[in-house]
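Each chain, written out:
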Amino acid sequence: MAIVDDKPRSATVIASTDCQLLVLPRDQLQHRMRVLDPVLRMVLSVILDRFRDSVRHIGGEAPAPAQPAAKQPDLSDYLSAIEVITLEQSLKQALERDELVPFYQPIMDTKSGTIAGFELLARWNHPERGILPPGVFITVAEQSGLVREISLWALRRACVDMEIFNRARQDLGAPGCFIAVNVTGDDICAEGFAQTVATILQETGADPRWLELEITESTLIDHASDVIDKLQKLRALGLSISIDDFGTGYSNLRYLAQYPVQKLKIDKGFIDPIAQAGRGREIVRAMIELGHILGLRLVAEGIEDCEQVAILRELGCDYLQGYHFSRPLSYADSQALLCQKVAGE
Ligand SMILES: [Ca+2]
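For every chain, the first residue of its written sequence is number 1, and the numbers climb from 1 along that sequence. Local features are withheld for residues below a pLDDT of 70 in this predicted model, meaning they are given only at 70 or higher, and side-chain atom pairs are given and counted only at 80 or more; totals for whole chains, interfaces and linings count all residues.

Draft legend 1. Fine view of the overall build of the protein. Per the secondary structure count, the protein includes 14 helices and ten strands. Out of the 345 residues belonging to the protein, those deemed buried represent 28%. C-beta atoms are first placed from the backbone for all residues, and any pair lying within 7 Å is then listed as a contact. Counting contacts in the protein only where the partners sit at least 6 residues apart, residues at least 24 apart contribute 69% of the total. Numbering of helices and strands runs from the N terminus, with a helix taken as a DSSP run of H or I at least four residues long and a strand as a DSSP run of E at least two residues long. Residue burial is a threshold on neighbouring C-beta atoms within 10 Å of the residue's own C-beta, all placed from the backbone, with 20 or more meaning buried, 12 or fewer meaning exposed, and counts in between meaning partly exposed.

So, in structure tokens, the structure goes:
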């Protein structure tokens, strides 16, 4: 690899096998530098500056900066880089100190109107800033790779809490409820993930029938090559798999015939216009019918009012989730709600 500036240059390369010369033009390089993670951008700009300085010190002519017209990193760039590093370090500590807490958003059974299960959503109980939503830390978690640890934490926590919830349900003579955990394509494709999930199930004594993994539709396409095999291994543990944000990521429906999934979660974007009769509603009707023909259960996400509930009931949607029923609740509040609902059933 060589970085070539605007000066006339010559270079000699001996290729030991057939190869191709790939050129990354200046504007592309500049674009990549601009959109880069701020930490990497700062590191690169420091390295390039040092390199130019050392060339000057040994009497050579330093190559011109790669992007003379571009803005040099200023204080705000350094601050955002420092902020990212700091946030990443405190997130790492948060995992060690057990500062992540599960919040549970109820998923209702459309027919009975009672809680069928929950989706676990991670929150960070920050010692100084209070409860932080995932929007504050999930990008840093993804960039730093900590998202993997968060997924495993969520899985373990779901298994532990599911046992407690379901024991309470059993004592009240009510059926069990499932807990859905969001996992990423990288989680699913990581070496030994199914074995790790099996170990968590074993160590917590959780019943896999009540555990669901939510994966986004785009995961299926991004990791298309080996995802079927990985999903089958997970499915063999006895848990369920649902497709999150169904309808938003991937227009090729062939995957529905190939992947071992049991549930589809219809994205809020499709539910929002459902009260107006027309194509929007018909698309949701078609999604529900298609899912049912394939033997899948449907969940509508982002329900905000009674009208949407009535329409989705008429369309035969199996489960409903959204602020109309409940926001994500703390562990204690969800447990209390679960027992209240059971008592009222
Ligand atoms: Ca989800």
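Draft legend 2. Fine view of helix H13 (residues 306–314). Those residues of H13 not exposed but buried are Gln308, Val309 and Leu312. Take H13 and look down its axis: the buried residues cluster within an arc of 100 degrees, on one side only. Looking at H13, the residues exposed on the side facing more than 90 degrees away from the buried face are Cys306, Glu307, Ala310 and Glu314. Buried-residue contacts for H13 involve helix H11 (268–271), strand S8 (297–300) and strand S9 (319–320). Phi for Gly316, located one or two positions after H13, is positive at around 85 degrees. Note that the arc is defined by the directions from the helix axis to the C-beta atoms.

Draft legend 3. Structural view of helix H2 (residues 38–57). Residue count minus one, scaled by 1.5 Å, sets the expected span of a helix. Over its 20 residues, H2 runs 29 Å from end to end, which matches the ideal 28 Å to within 8%, given 1.5 Å per residue. Within two residues after H2, Gly59 carries a phi angle of roughly 85 degrees, on the positive side.

Draft legend 4. Molecular detail of the nonpolar core. Defined on buried residues, the nonpolar core groups Ala, Val, Leu, Ile, Met, Phe, Trp, Tyr and Cys residues joined through C-beta atoms within 7 Å. Grouped together as the largest cluster of nonpolar side chains are 65 residues, with contacts concentrated most on Ala158, Ile179, Val181, Leu211, Ile266 and Ala300. Those residues in contact with Ile179 that lie beyond four places of it in its chain are Gly117, Phe118, Leu120, Ala158, Asp161, Met162, Trp210, Leu211 and Glu212.

Draft legend 5. Representation of the pairing of strand S4 (residues 178–182). With five of its five residues buried, S4 lies for the most part within the structure. With burial as the criterion, each face of S4 is covered, one bearing Phe178, Ala180 and Asn182 and the other bearing Ile179 and Val181. Think of it this way: DSSP has to see at least two bridges between two strands before they count as a pair. With four bridges joining them, strand S2 (residues 115–126) and S4 adopt parallel strand pairing. Pairing of Glu119 across the sheet is with Ala180, part of S4.

Draft legend 6. Looking closely at the environment of Val197. Within the fold, Val197 resides in helix H7 (residues 193–204). Classification of Val197 as buried rests on a count of 26 C-beta atoms within 10 Å. Along the primary structure Val197 and Leu237 are separated by 40 residues, whereas in three dimensions their C-alpha atoms are 8.4 Å apart. What Val197 contacts, discounting residues up to four positions off in sequence, is Leu155, Leu234 and Leu237.

Draft legend 7. Spatial organisation of the pairing of strand S6 (residues 240–246). The element S6 is extensively covered by neighbouring structure, given that seven of its seven residues are classed as buried. Bridging between S6 and strand S7 (residues 263–266) involves three bridges; their strand directions are parallel. Counted as the bridge partner of Phe246 is Ile266 from S7.

Draft legend 8. A look at the packing of helix H5 (residues 147–171) against H7. Every angle, taken between N-to-C directions, lies between 0 and 180 degrees, and every axis is a line fitted to C-alpha atoms, over only the stretch in contact when it is a helix. Between H5 and H7, whose axes approach to 10 Å, the crossing angle comes to 30 degrees. Taken as axis vectors, H5 and H7 run roughly parallel relative to one another. In this structure, H5 meets H7 at a crossing whose hand is right-handed. Across the interface between the two elements, Leu152, Leu155, Arg156, Cys159, Val160 and Glu163 of H5 pack against Thr196, Val197, Ile200, Leu201 and Thr204 of H7. When grouped by side-chain class, the residues that make up the contact of H5 with H7 number seven nonpolar, two polar and two charged. Throughout, the term roughly parallel applies to angles under 35 degrees, roughly antiparallel to angles over 145, roughly perpendicular to angles from 65 to 115, and oblique to all others. When the near helix sits turned anticlockwise from the far one by under a right angle, the crossing is termed left-handed; a clockwise turn instead gives a right-handed crossing. Under the grouping applied here, Gly and all other residues not named as nonpolar or charged are polar, the nonpolar ones being Ala, Val, Leu, Ile, Met, Phe, Trp, Tyr, Cys and Pro and the charged ones Asp, Glu, Lys and Arg.

Draft legend 9. Broad picture of the environment of Arg123. As for its placement among the helices and strands, Arg123 is situated in strand S2. Arg123 sits 22 residues away from Val101 along the chain, and the two C-alpha atoms are 5.3 Å apart. If near-sequence neighbours (up to four positions away) are discounted, Arg123 is found in contact with Val101, Phe103, Ile131, Leu132 and Pro133.

Draft legend 10. Main features of the environment of Arg235. Among the structural elements, Arg235 can be located in helix H9 (residues 224–235). When residues no more than four places from it in sequence are discounted, the contact partners of Arg235 are Ile241 and Pro260.

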